[in-house]
Amino acid sequence: MKPVPHDATSLRRAPVQRRSAERLTRILDACADLLDEVGYDALSTRAVAQRAGVPIGSVYRFFGNKRQMADALAQRNLERYSERVTERLKDERVGDWRAAMDAVLDEYLAMKRTAPGFSLVDFGNQIPVGARHAEPNRRVADRLTDLLSGYLDREPDEDLRRTFLVAVEASDTLVQLAFRVDPEGDEAIIGETRELLRAYLGRVLD
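Structural notes, computed from the coordinates. (Residues numbered from 1 in each chain as written. Predicted model: local features only at pLDDT ≥ 70, side-chain atom pairs only at ≥ 80, totals over all residues. Heavy atoms only, no water.)

As for the pattern of salt bridges
Then, in step 1: Scanning the model with the defined rule gives 18 salt bridges in all.
Then, in step 2: Its salt-bridge partner being Glu107, residue Arg84 comes within 2.8 Å of it at the nearest N-O pair. With Arg84 in helix α4 (residues 66-89) and Glu107 in helix α5 (residues 97-114), this pair connects stretches of sequence that are 23 residues apart.
Then, in step 3: Given the relative accessible area of 32%, Arg84 is considered partly exposed. (Salt bridge = Lys/Arg side-chain N within 4 Å of Asp/Glu carboxyl O. Helix = DSSP H or I, 4+ residues; strand = E, 2+ residues; numbered from the N terminus. Buried < 20%, exposed > 50% of the residue type's maximum accessible area, 1.4 Å probe, protein only.)

Side note on helix α1 (residues 18-38)
Then, in step 1: Look at α1: 30 Å from first C-alpha to last across 21 residues, which is about the 30 Å you get at 1.5 Å a residue.
Then, in step 2: Considered for burial, the residues of α1 that qualify are Ser20, Ala21, Leu24, Thr25, Ile27, Leu28, Ala30, Cys31, Ala32, Leu34 and Leu35.
Then, in step 3: Tucked into the core, α1 has its buried residues touching α2 (45-52), α3 (56-62), α4 and α6 (118-121).
Then, in step 4: Gly39 sits one or two residues past α1 and shows a positive phi near 85°. (Expected span 1.5 Å × (residues − 1). Contact = heavy atoms within 4.5 Å.)

Note that every value here comes from positions in space, so none of it alone points to a role or purpose.
What follows is the structure, encoded as C-alpha cells:
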C-alpha cells in the first residue's frame, strides 16, 4: 500500500507519521471501492470510515467532505499514472514520441479498466458525474509535458504544453466515448484515437 502524496491539495492536514499516512491510504482505498459500489451521490464519509476501519474523526482529520476526499483520490490517481508512464518508458528508446504516446494512452486505459473508483473520478473531471472541466485536463497535460519533455529532448515551452493539452482533450473525449459504447472500451474507437494522436503529434513532434 503506497501512501497518498502529502502535497494533495484537498487535505486539511498532511500526515506526518507513517501510521497516519497508512490510515489516509486506507481511507482513500475505501473511498475508491465505495465509488464503484454505490456511486458518488450515495457515498458518505461515515461509510468510508466504516469500510476503512477507522473512526469517523480520522476521516474529518483529513477531509471536510466527500468532495475533498474524491479530489484527493483524483490527485493520487494522477501520481500513480505518472509513475506508471515513467516506469513504462524506462525500456523505450529515448526520443521515441510514438512509444511515449502509446505509454500515455495504454496506461490510462489500464487504469480506467482496473483501478477502483477511476471510472468516476479519474484525474478529477468526472465529479459530479459527467462534468467536463478544463482544469483537470490542463493539469494532466502539464504533468505530461514536464514528464516527457526530457525524454523527447524538447523544451517544456508553451508550444509543447499547448500540443499536449490538445492531445489530452481530444483523447479524453474519444476515450470517454469508447467506454460509453463498451464498458471495457470499444477497441475500434480506441484504435481511431491512437491514429488521430499519431497524425496530430507527428505533425508537431517529427
